[in-house]
Amino acid sequence: MEAKRDMMKKVPVREQDPKVRATNFKEVCLGYNMEEAVAESERCLNCKNAKCIAGCPVSINIPAFIQEVKAGNIEEAAKVIALSSALPAVCGRVCPQESQCEGQCVRGIKGEAVSIGKLERFVADWSREHGFVPAAPEKTNGKKVAVIGSGPAGLTCAGDLAKLGYEVTIFEALHEPGGVLTYGIPEFRLPKSGVVQPEIENVRKLGVKIETNVVIGKSIKIDELMDEEGFQAVFIGSGAGLPKFMGIPGENANGVFSANEYLTRNNLMKAFRDDYDTPIMESKKVVVVGGGNVAMDAARTALRLGAEVHIVYRRSEKELPARVEEVHHAKEEGIYFDLLTNPVEILEDENGWVKGIVCRRMELGEPDESGRRRPVEVVGSDFTIDADTVIMALGTSPNPLISNTTKGLEINRWRCIVADESNGKTTKEGVYAGGDAVTGAATVILAMEAGRAGARGIDEYLSAK
């Protein structure tokens, strides 16, 4: 007789073994199969007043799609998700579900929340394998909209506008679309050819054109798009690609990278593959400075390229901004965490290459404006970590190129574009913006939420014309 299942516990998800995956770039999490997905969907209480929907930035009708999974109607589940999200296979993998939909799940009060993210991923992967594509509109309304950037904000905005009948062209600065999904998040979290590219193709199938190698502000300016190319509205989803540094001595040494450059070389330019000529530092000992998801990505990439890796972060584990799952995976793979530690100087050898990093112990004082306890230096606690590579993962800010070349576009003191959160409206008529270009570096799903808001704003604006 089958043992009674504990409905308070989620169906565990299969993962690659840590010792094996630390040496390859294949996906870590293997996701659910049909049987596991149906079993997990049975845990959903199908709440009338579903808190999970309120916790989802793009408001997916979560109970509705899970009920379809439970009944085995995966195509119907995919249709429910497609009403709200253009990138389900991406979101199922990289959204911080624990603080959003799953964080609101009623099951989670007394037991474990329903694995909403893993179910979304299952539906999206099933759709791709079975050739299900959301329906494109029968005809367009003849109104042209330009979208700048093909990351999660741009793709979402373009997909929503195309469904409403607009003729949308995305302009992408790099040679491949996808933005941070392509250049930032590593292959082992988000496979490019297996997941990202098919999702971008689905946006194309809605009628969206994507032009690559177009740098707005250099190749063509926003005013030219509107005045000469006939675009009636523009959405800026150009992200935040400008790295931040600490300003400590030795930061200009050879072997110091921004996480942005390091990850772009590896992900977009395929440095991890032997059949590509893209150079990347062959490091023996790497120190990654920072504690967010990007720091985890950089550290786990360096490990797979053969290095011993230390993450240096000035607060304690409780304050790490990275997802719990990412920290857990990094530890399993053998990455060292030097917490309550802050770099003060990078040491160079006689040829100007990194040879170590001087760090200072910290202790937590009173909370600061972010609500987190502020780190305070411990006097006389300096010590050195030997290293040949230092990767700075301290966040990014928007590139000023667009704001510098567009008259009437207001930015704030962090160089972020000023835009209305509810509809993406900027200070320049017909121009809307959202995602990291507005907020500074944030998550994929918040960029998608902003893309949806921008599409609503543009639709309202052009419908009134």
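Here the structure is a predicted model, which is why all the values come from computation and not from measurement. In this convention, every chain numbers its residues from 1, walking through the sequence in written order. Residue-level local features of this predicted model are given only where pLDDT is at least 70; pairs of side-chain atoms are given and counted only at 80 or more, and the full residue set underlies all totals for whole chains, interfaces and linings. Only hydrogens and water are set aside; all other atoms, that is, all heavy atoms of the structure, feed into the side-chain values.

A. Summary view of the pattern of salt bridges. A pairing counts as a salt bridge when a side-chain nitrogen of Lys or Arg comes within 4 Å of a carboxyl oxygen of Asp or Glu. All told, the structure shown has 30 salt bridges when counted by the stated rule. Note that Arg-304 and Glu-333 form a salt bridge whose closest N and O atoms lie 2.9 Å from each other. Of this pair, Arg-304 sits in helix H15 (residues 293–304) while Glu-333 sits in helix H16 (residues 324–333), placing them 29 residues apart in sequence. Each residue gets one of three labels from its accessible area relative to the maximum for its type: buried under 20%, exposed over 50%, partly exposed in between, using a 1.4 Å probe on protein chains only. Residue classification places Arg-304 among the buried residues on the basis of a relative accessible area of 7%. Glu-333 sits in the buried class, given a relative accessible area of 8%. Two residues, Glu-317 and Lys-331, come together in a salt bridge whose shortest N-O distance is 2.7 Å. Of this pair, Glu-317 sits in the loop between strand S10 (308–313) and H16 while Lys-331 is found in helix H16, placing the two residues 14 residues apart along the sequence. Owing to a relative accessible area of 37%, Glu-317 belongs among the partly exposed residues under this scheme. By relative accessible area, Lys-331 is classed as partly exposed at 38%. A network of salt bridges, in which partner residues are shared, links Arg-21, Arg-189, Asp-297, Arg-300, Arg-304, Glu-326, Glu-332 and Glu-333. Helix and strand assignments follow DSSP, with helices taken as H or I runs no shorter than four residues and strands as E runs no shorter than two, numbered in order from the N terminus.

B. Structural context of the layout of surface pockets. In this analysis a 1.4 Å probe is tested at points of a 1 Å grid over the protein atoms alone, and where it fits but cannot get out there is a cavity; an open set with protein on both sides within 12 Å along at least five of seven lines is a pocket; lining residues have an atom within 4 Å of a point. Grid points are joined across faces, edges and corners, and a volume is the space filled by probe spheres set on the points. If you add up the space inside the second largest pocket, you get close to 420 Å³. As for the second largest pocket, its lining consists of 18 residues, and the residues nearest its centre are Lys-10, Glu-102, Ser-115, Lys-118 and Glu-325. Looking at the lining of the second largest pocket, the elements that each hand over two or more residues are helix H7 (101–104), helix H9 (116–129) and H16. Gly falls in the polar group here, along with every residue not listed as nonpolar (Ala, Val, Leu, Ile, Met, Phe, Trp, Tyr, Cys, Pro) or charged (Asp, Glu, Lys, Arg). A breakdown of the residues in the lining of the second largest pocket according to their chemical character gives five nonpolar, five polar and eight charged.

C. Structural detail: the pairing of strand S12 (residues 341–348). Bridge count for S12 against strand S13 (residues 354–367) is seven bridges, and the pairing is antiparallel. Bridge assignment links Glu-348 to a residue of S13, and that residue is Val-354. Note: two strands are recorded as paired if DSSP finds a minimum of 2 bridges between them.

D. Local environment of a negative patch on the surface. Among the surface-exposed residues, Glu-211, Asp-227, Glu-228 and Glu-229 lie close enough to one another that they form a single negatively charged patch. Tracing the sequence through the fold places Glu-211 in strand S5 (residues 209–211). Each patch groups residues whose relative accessible area exceeds 30% and which form no salt bridge, using 9 Å between like charges and 5 Å between nonpolar side chains of Val, Leu, Ile, Met, Phe, Trp and Tyr. Per-residue and other accessible areas follow the Shrake-Rupley method at a 1.4 Å probe size, with only the shown protein chains counted as cover for residues. In this tally, Lys and Arg are treated as positive and Asp and Glu as negative; His is ignored, and so are the chain termini. Charged groups are reduced to one reference atom each: NZ for lysine, CZ for arginine, CG for aspartic acid, CD for glutamic acid.

E. Molecular detail of the sheet that holds strand S11 (residues 336–339). The five strands lie next to each other as S8-S16-S9-S10-S11, forming an open sheet whose pairing is parallel. Both edges of this open sheet fall to strand S8 (256–258) and S11, since each of them pairs with a single strand only. Within the sheet, the average angular offset between the axes of one strand and its neighbour, ignoring direction, is 20 degrees. Here strand S9 (residues 285–289) runs beside S10; their pairing, made up of five bridges, is parallel. If you follow Val-286 over to S10, its bridge partner there is Val-309. As a rule, the C-alpha atoms of each element are fitted with a line to give its axis, helices using only the stretch in contact, and angles between N-to-C directions run from 0 to 180 degrees.

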